[in-house]
Amino acid sequence: MTTLATHQSLSLATRDGFGQGMLELGATNPLVYALCADLTTSMRLSEFEKKYPDRFVQLGVAEQNMMGVAAGLALVGKIPFAASFAIFNPGRNWEQLRNSVAYSELNVKVVGGHAGLCTGKDGATHQCLEDIALTRVLPNMTVVVPCDARQAKEATLALANINGPAYLRLSTQLIPNLNHTNKFEIGRAQKLQSGSDITIVTCGDSVHDTLTAASSLEKRGFSVEILNLHTLKPIDQTTIIESANHTHRVITVEDHQLAGGLSSAVSEIFIKELNRSLNPSLFFDSVGVQDKFGESGGGEELKAKYKIDASAILKKALSILNRKL
């Protein structure tokens, strides 16, 4: 069973894991470049800039130009990681990402930080809740949403070793690393724990709240299966279908708009497989942001208000569990 590390010093944000991964890549892979749009400290690239100044490019507040520079570096055989806040990257430079990177299948890694509601006091203009939808829709794109700092580091290293465009979603929320031994592999969901009554499919910071909700469910006598779907594209259809056919009840949990995000990705699988490999007696529901913009406030306050915290997950799961198969 997966648990949360409890020592406070182990609480980091996924952006911290990205910074650690970039430092390791800087030491081991001379082809890796870091690009940033005047947010070096926030994106945890300050140490990379100090140690590898010849492979760090500061573009200023010019995210569209940054994507073009990243495309150029990829064309000459480099591996650029282009980093900024998700609202600007891929938000502001989506057209350049589409036409200069994804269309040409260039080896550019797009890193979007400060994603989700837990950006908090920066408010609606900076709380990107649409970035998974923006990237998942693009052909040739890999989309990864790590659940903790350790996994963010693993994802950063893994993305450097695959060829083609990719998006890495990061946040600022401080969360403990998970105590699990599951190997990170792009395109392969992690089964954090097995269960027979309900499947919860989640990703990113929401994994932490899902584990908390699952603990409450287990105290009520329910058996909960948890899938950490850290890669939304390519999606691990096999694992999701197998789990759904085992429990017959599934909910998705995400810090993103329901439209276009994790819920949509899983729904698409279920619709496609409904008359083939999926048991038709399935109950399915979702926890996520419901067609609303964010607002200023503390991370935990916002998660509670927008009904994506552990309490909301518990309530949604119980509503599914109370239905007769």
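One structure accompanies this document, and this report is about it. (Residues numbered from 1 in each chain as written. Predicted model: local features only at pLDDT ≥ 70, side-chain atom pairs only at ≥ 80, totals over all residues. Heavy atoms only, no water.)

1. Things to note about the side chain of Q96
- Position of Q96 relative to the elements: it lies in helix α4 (residues 94-102).
- Not counting residues within four places of it along the chain, the set of residues in contact with Q96 comprises Q64, M67 and V101. (Helix = DSSP H or I, 4+ residues; strand = E, 2+ residues; numbered from the N terminus. Contact = heavy atoms within 4.5 Å.)

2. What about the packing of helix α3 (residues 63-75) against α4?
- Running from N to C, α3 and α4 point in directions that differ by 10°, and their axes come no closer than 9 Å. Regarding the angle of α3 to α4, the classification is roughly parallel. Here Q64, M67 and A71 of α3 lie close against α4, whose contacting residues are Q96, L97, S100 and V101.
- For the contact of α3 with α4, a count of residues per class yields four nonpolar, three polar and no charged. (Axes fitted to C-alpha atoms, helices over the stretch in contact; angles between N-to-C directions. Parallel < 35°, antiparallel > 145°, perpendicular 65-115°, else oblique. Nonpolar A, V, L, I, M, F, W, Y, C, P; charged D, E, K, R; others polar.)

3. Thoughts on the packing of helix α7 (residues 206-219) against helix α11 (residues 310-321)
- α11 packs onto α7 with a crossing angle of 50° between their chain directions and a minimal axis gap of 8 Å. It follows from the interaxial angle that α7 and α11 lie oblique. In this structure, the crossing between α7 and α11 has a hand that is right-handed. Residues D209, T210, T212, A213, S216 and L217 of α7 touch α11, and the partners they reach there are A310, I313, L314, A317, L318 and L321.
- Of the residues in the contact of α7 with α11, the class split is eight nonpolar, three polar and one charged. (Left-handed = near helix turned anticlockwise from the far one by under 90°.)

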